[in-house]
2 protein chains.
Amino acid sequence: MVSTLRSTMNGTGNPGSQSALRKLNEQRIVETLTSGPATQAELARQTGLSTATVSNIVKVLQDANVVATEPTTSSGRRALRVRLNSNSAVAVGIDFGRRHLRVVLANLAYEVLAEESMSLPLGHRADVSISAAVEVLDRLLLEAGVRREDIVGVGAGIPGPIDHRSGTVVQGAILPEWVGFHILARLEDRLALPVFVDNDANLGALSEVTWGPHSGVGNLVFVKIGSGIGAGLILNGAPFYGHVGITGEIGHATIAEHGLVCRCGNRGCLETVASTTIMGELLGRGEPEPLGPDEIVRRARAGSAAALRVLDDAGLAVGRALAAVANLINPEVIVIGGPLADLGEQLLDPIRRGLLRHAVPVIGETTALTMSALGARAEVLGAAALVFQNADIAHHA
Amino acid sequence: MVSTLRSTMNGTGNPGSQSALRKLNEQRIVETLTSGPATQAELARQTGLSTATVSNIVKVLQDANVVATEPTTSSGRRALRVRLNSNSAVAVGIDFGRRHLRVVLANLAYEVLAEESMSLPLGHRADVSISAAVEVLDRLLLEAGVRREDIVGVGAGIPGPIDHRSGTVVQGAILPEWVGFHILARLEDRLALPVFVDNDANLGALSEVTWGPHSGVGNLVFVKIGSGIGAGLILNGAPFYGHVGITGEIGHATIAEHGLVCRCGNRGCLETVASTTIMGELLGRGEPEPLGPDEIVRRARAGSAAALRVLDDAGLAVGRALAAVANLINPEVIVIGGPLADLGEQLLDPIRRGLLRHAVPVIGETTALTMSALGARAEVLGAAALVFQNADIAHHA
C-alpha cells in the first residue's frame, strides 16, 4: 500500500511512541462515538482509557470541530455528553476498475453521503480514469453540500498490486495501462488533497471489518474473484502489507503444474482455472464472444449444466488455494467478493468443499466461509475507510 | 500458543493501554542495554522515548534489580550510566522433541549460561519428558550457580500445533503421545514457575529475530524440515498466531492431488513428499531400516546420486509450497531449519528453484532465502526468548 509510505508506517513503525498512541486513542473514541453520543465516563468505560485521557482527547477533537459536547446529568451527577459532528470530516473513496469507476463520499459515522458509478471502456488510459474521478468528485460535493475543507483525504483502490518501494503498480497486473504509473503522486497533483492508495482486494478486506458485518474480527481474508483473483488480509485487526506491499496474491497459487500459461509468467495458476475470464471463455465456446460475469451468474441461476460445472470446478480450485491460506494464517473468517458474489451458495458450496478437502481438519472446521454482503461496493467503501484509518482527523482543517 | 492465554493476549489485545505501553517500553530499554551500558540520555536517543519516561523506567528496573546505575559524566555534564544486571533475570528454554530433550538457561543479555541435551526413546510418554526436564533443570541451575528466584519463566517448545482454546496439542500432531495433553498446566504444576508454551517452528522463527542474525526483520518465515514440516511466522515484528493458534501448517499444502495419504487425513501433502521420514524411506529401500536425517546428510555430502535426487525433488516441493507462502504474506526472509540445515546450498538450491518457479516474479526476487545459523539449538533458544518476550521481567521477584 502506497499510503504506508506517508502515514501508516509512521504509526506502526514506532507503535510505542506517544504520538502514535494518541492517534490510536483518538480513533478509538471516534469509533465509539459512531454508535451514538456518550458521556465522557461512558467513553472511558467503553474504550478502557482513563477519564483524564478521554477528557484531553475530547478537548482536542472539539477544537477541531470533530465532536460537540453538551452538559447533561448521569446518575444524578453532572456529566458531559459527547457527540460526533459526523459531517465535519468526510472521506472520499474511489474505486478504479478495468471498466468502471465508482466514487463515494462518506462521513465519520460511516454513512454514505453521495455516490456515483460509471462505465469506462476496457483498456482506457489511467489519466482518463483520473480525470473522470475528479469530475465526479466535484459533482458529488455539490450534490451532498460538502465543503472541500471538510474532506480529510481521498482513498483510491486499483485492481493490481502496488510495490511500496516505488509506489507504482507492478508488472503483470490486471490493469496493464497502470503499470509503472505513480497513482499517488498523480492523484495528489490533481486533487490537492491527502491521498491513500491500496489494492482493491485489500480494500475489500478493510470494508468487511469497518462497514461490513465483521467489525470485531481480528483475522479475516477477503477474496475477490473477478478477471483476476486476489486476497486482502486483516491480521491482528489491521491490514497486512508484508515486506514490499504485495500480499494476498493467491491468484498465482499453482493449481495445475502443467496448466495454461498465466499473465504472471507461471503455469497453471489459480487465475487460469477460476477467474471470471477463463469461466467466460469456457462457457462461450462456439458463441460470438466470451461470457461476462453477469451472463455467467444468469446462466447458473437458470440451471445451465455447463455453467454449474464450470462454477463447481472453479470453486473447488479456489477452495484448495484457500486451504493453503487457512493452514498458514488461520483466519477466523474468509469472505468471498467480486462480481459472482450474488450467486451465494451456488459458488460458496464448491469453495467450501475444496477448503474442507485440503485444509488441516481443525483449521477447516474453525474457519467461517461467507459471501460478502457489500457486493460491488466493497472496494469503494474500503477506500473511504482507508482514509479514516490513516488520515489525521483531528488536525485536517 | 498457549502462553497468549495468559500474557501475550493481554499485551496485544489492548495495545493502546498504558500498562501494555509501559511493558513495551521496558522491553525496549532492556533490549537496548543488551548491547552494553548506556547513559539515560543515550537510552532516550536510541529508543525514541522521552528522558522522563526513560528515567521512570530505569527506576522501576533498578528497584527490581534488573539494572544497576552509576554516576558518570557525558560531554562534561553529570549523567547516570545504566547497565544490565544480566543474571538477575534468567529464562529457561526447553525443547521437547520426538527423540530428544534440550534445556538451556539464558540471561537478559541473550547469553547461554548452561545447556544440556539428551536422547529419549521414540514414542516415550509426555510425562517421561517432563520429569527428565525437571531433573535437567535442577542440574543446570546448580552448574550455573543460578538461584531459583532469578528465573523469570520457562519457555517450552513441542513439535505440534497447539489449540489456543484448549491449551492442548491437536489431533494429527507429529507427537501422538502429546495429543490432548495440557502441557502448560502440567509444567506449571511440576515447576511452580510461570510457563509459556509454543510450537517448535514458531520458536525457531522467534529465535531468528532474537538470537539469530535477523533481529531487524519485521516479516520472517522459519521453516522446519524434519519428520514433519511446519513454519513459524514473524509478522510486523511479532510471532503470529491467527484465530485458534494453529498457523504455519505448510506441511499440509497439497502438492500431489492423488499422492500418498498423510497423517492429517488428506492426500499428497508436502510432508508426504519432503519430510525426512519419506526421504529416509525412499533411500532405505532394500536396506534393513529407513535412513535417519544424519545418514541422509552423510550420503548427500558423499555425492550419492540417489540422495541428491531425493533432496532435489523434496527441495523443489518445499520451494513450491513456499512460493504460495511468499505470494500470500510477502516476507522479507525465509529461513530453513531442521536436521538437514547443515546441507546448506545442497538443499537451498532446489528450494530456491522451486520458489522462483512458482512465486509471482517480483515476490520471488525480493524474498531472501537462507539456512538457519542456529542449527539444532534454534527451538530451545527461541523457547528462552519467548520468556523474555512475555514474562514480567521487572516484577518477577
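Being a predicted model, the structure only gives us computed values, none of them experimental. (Residues numbered from 1 in each chain as written. Chains lettered and ligands numbered in written order. Predicted model: local features only at pLDDT ≥ 70, side-chain atom pairs only at ≥ 80, totals over all residues. Heavy atoms only, no water.)

Some points on the environment of B:Asn85
Residue and element names in this part refer to chain B. To be explicit about the condition: A run of H or I in DSSP counts as a helix once it spans at least four residues, and a run of E counts as a strand once it spans at least two, with each numbered from the N terminus. Any residue under 20% of the maximum accessible area for its type is buried, any over 50% is exposed, and the rest in between are partly exposed; the area is computed with a 1.4 Å probe on protein chains only. When checking whether two residues touch, look at their non-hydrogen atoms; a contact exists if any pair is within 4.5 Å. Pairing of N or O atoms within 3.5 Å defines a polar contact, subject to two protein rules: one partner must be a possible hydrogen donor and the other a possible acceptor, and residues neighboring in sequence count only if both atoms are side-chain atoms.
Examined against the element boundaries, Asn85 turns out to sit in the loop between β3 (77–84) and β4 (90–96). Classification of Asn85 as buried rests on a relative accessible area of 18%. With 19 residues separating them in the primary sequence, Asn85 and Val66 have C-alpha atoms 5.3 Å apart. Residue contacts for Asn85: discarding those within four places in its chain leaves Asn65, Val66, Val67 and Ala68. Reaching out from Asn85, the side chain makes a polar contact with the side chain of Asn65 at a distance of 3.0 Å. Engagement of the side chain of Asn85 in a polar contact is seen with the side chain of Arg83, the distance being 3.3 Å.

Section: the relation of the copies chain A and chain B
To keep it simple, the criterion reads: Copy-to-copy alignment: least squares on C-alpha atoms, limited to residues at pLDDT 70 or above in both.
Its rotation angle being 180°, the transformation that places chain A on chain B also includes 0.1 Å of axial translation and leaves an RMSD of 0.1 Å. As the rotation angle and translation indicate, the two copies are arranged about a two-fold axis. Interface residue correspondence from chain A to chain B reaches 98%, placing this contact among same-surface, isologous pairings.

A word on the UniProt feature "domain: HTH marR-type" (unreviewed entry) in chain A
Our working definition: UniProt positions are given in the numbering used here, feature names are shortened, and annotations may be inferred rather than shown by experiment.
Within this structure's numbering, the places UniProt gives as "domain: HTH marR-type" (unreviewed entry) are residues 34–78 of chain A. Regarding residues 34–78 of chain A, the helix share stands at 47% and the strand share at 27%, and the terminal C-alpha atoms are separated by 23 Å.

Thoughts on the pairing of strand β15 (residues 368–371) of chain A
Residue and element names in this part refer to chain A. Filter applied, for reference: Strand pairing requires that DSSP identify at least two bridges connecting the strands.
Residues of β15 alternate between two faces, with Leu369 and Met371 buried on one and Ala368 and Thr370 left unburied on the opposite face. Of the strand pairs in this sheet, strand β14 (residues 333–337) and β15 are connected by four bridges, and their pairing is parallel. Bridge assignment links Ile336 to a residue of β15, and that residue is Met371.

Notes on the pattern of salt bridges
In plain terms, the rule: Just to be clear on terms, a salt bridge is a Lys or Arg side-chain nitrogen sitting within 4 Å of an Asp or Glu carboxyl oxygen.
Under the criterion given, the structure shown has 44 salt bridges over all chains. Here A:Asp349 and A:Arg353 are joined by a salt bridge, their closest N and O atoms 3.1 Å apart. Taken together, the residues A:Asp349 and A:Arg353, both in helix α12 (residues 345–358) and four residues apart, mark about one turn of the helix. We classify A:Asp349 as partly exposed; its relative accessible area is 31%. A residue is classified by how much of its surface remains accessible, and A:Arg353, at 36% relative accessible area, is partly exposed. Note that B:Arg352 is salt-bridged to B:Glu345, the shortest N-O span being 3.2 Å. Owing to a relative accessible area of 28%, B:Arg352 belongs among the partly exposed residues under this scheme. Residue B:Glu345 is classed as partly exposed on the basis of its relative accessible area of 44%.

Some remarks on the interface of chain A and chain B
Formally: What gets called buried area is simply the loss in accessible area from a 1.4 Å probe that two parts show on being joined, summed for both.
On the chain B side, the residues contacting the 46 residues of chain A number 46 residues. Counting each side, the surface lost to burial between chain A and chain B is near 4100 Å², with a carbon and sulfur contribution of 54%. Connecting chain A to chain B are four salt bridges. Across the salt bridge formed by A:Glu257 and B:Arg357, the nearest N and O atoms sit 3.7 Å from each other. Counting residues per element, the ones that place at least two in the side of chain A that touches chain B are α2 (18–33), β12 (229–235), α11 (305–329), α12 and α13 (361–366) of chain A.

Points about the environment of B:Phe388
All names here are of chain B. The residue Phe388 is located in helix α14 (residues 378–390) in this model. Residues Phe388 and Gly338, spaced 50 residues apart in sequence, show a C-alpha to C-alpha distance of 24 Å. When neighbours within four sequence positions are excluded, Phe388 is seen to be in contact with Gln27, Ala89, Val90, Ala91, Ala106, Asn107, Leu108, Tyr110, Val152 and Ile393.

Quick notes on the sheet that holds strand β6 (residues 112–119) of chain A
Residues and elements named next belong to chain A. Short version of the rule: For helices, the axis comes from a line fit to the C-alpha atoms of the stretch in contact; other axes are also lines fit to C-alpha atoms, and the angle between any two N-to-C directions lies between 0 and 180 degrees.
Sheet architecture is open: five strands sit in the order β6-β5-β4-β7-β10, paired in mixed fashion. Each edge of the open sheet carries a strand with a single partner, namely β6 and β10 (195–199). Neighbour-to-neighbour, the strand axes of this sheet turn through a mean angle of 15°, independent of strand direction. Bridge count for strand β5 (residues 100–107) against β6 is seven bridges, and the pairing is antiparallel. Residue Val104 lies in a different strand from β6, and its bridge partner there is Glu115. Relative to the sheet, helix α5 (residues 126–144) contacts β4 (90–96), β5, β6 and β7 (151–158), its axis offset from that of β5 by approximately 35°.

Remarks on the pairing of strand β5 (residues 100–107) of chain B
Residues and elements named next belong to chain B. Along β5, seven of the eight residues are buried, which leaves the element largely enclosed by surrounding structure. Here β4 pairs with β5 via seven bridges, running antiparallel. The residue bridging Val90 from the neighbouring strand is Asn107, located in β5. Here β4 folds back onto β5 in antiparallel fashion, the turn holding three residues. Connecting the antiparallel pair β5 and strand β6 (residues 112–119) is a turn made up of four residues, with Tyr110 showing a positive phi of about 55°.

Comments concerning the nonpolar core
The nonpolar side chains of a soluble globular protein tend to be buried, and buried together. Filter applied, for reference: Residues belong to one nonpolar core when they are buried, are Ala, Val, Leu, Ile, Met, Phe, Trp, Tyr or Cys, and are joined through side-chain atoms within 4.5 Å.
Formed by 100 residues in total, the largest nonpolar core has its most connected members in A:Ile329 and B:Ile329. Beyond its immediate stretch of four places on either side in the chain, B:Ile329 contacts A:Leu233, A:Phe240, A:Gly242, A:Thr247, A:Leu328, A:Ile329, B:Val221, B:Leu233 and B:Leu235.

Points about the side chain of B:Glu379
Residues and elements named next belong to chain B. Mapped onto the elements, Glu379 comes out in helix α14. When its relative accessible area of 4% is taken as the criterion, Glu379 is described as buried. Those residues in contact with Glu379 that lie beyond four places of it in its chain are Asp95, Asp200, Leu203, Phe222 and Lys224.

Looking at helix α3 (residues 40–47) of chain A
Residue and element names in this part refer to chain A. How we decide: The directions from the helix axis to the C-beta atoms are what the arc is built from.
Taken together, the buried positions of α3 are Gln40, Leu43, Ala44 and Thr47. Looking straight down α3, one finds that the buried residues subtend no more than 100° of arc, so they occupy a single side. The exposed set on the far side of α3, more than 90 degrees from its buried face, consists of Arg45 and Gln46. A positive phi of about 80° marks Gly48, the residue just after α3.

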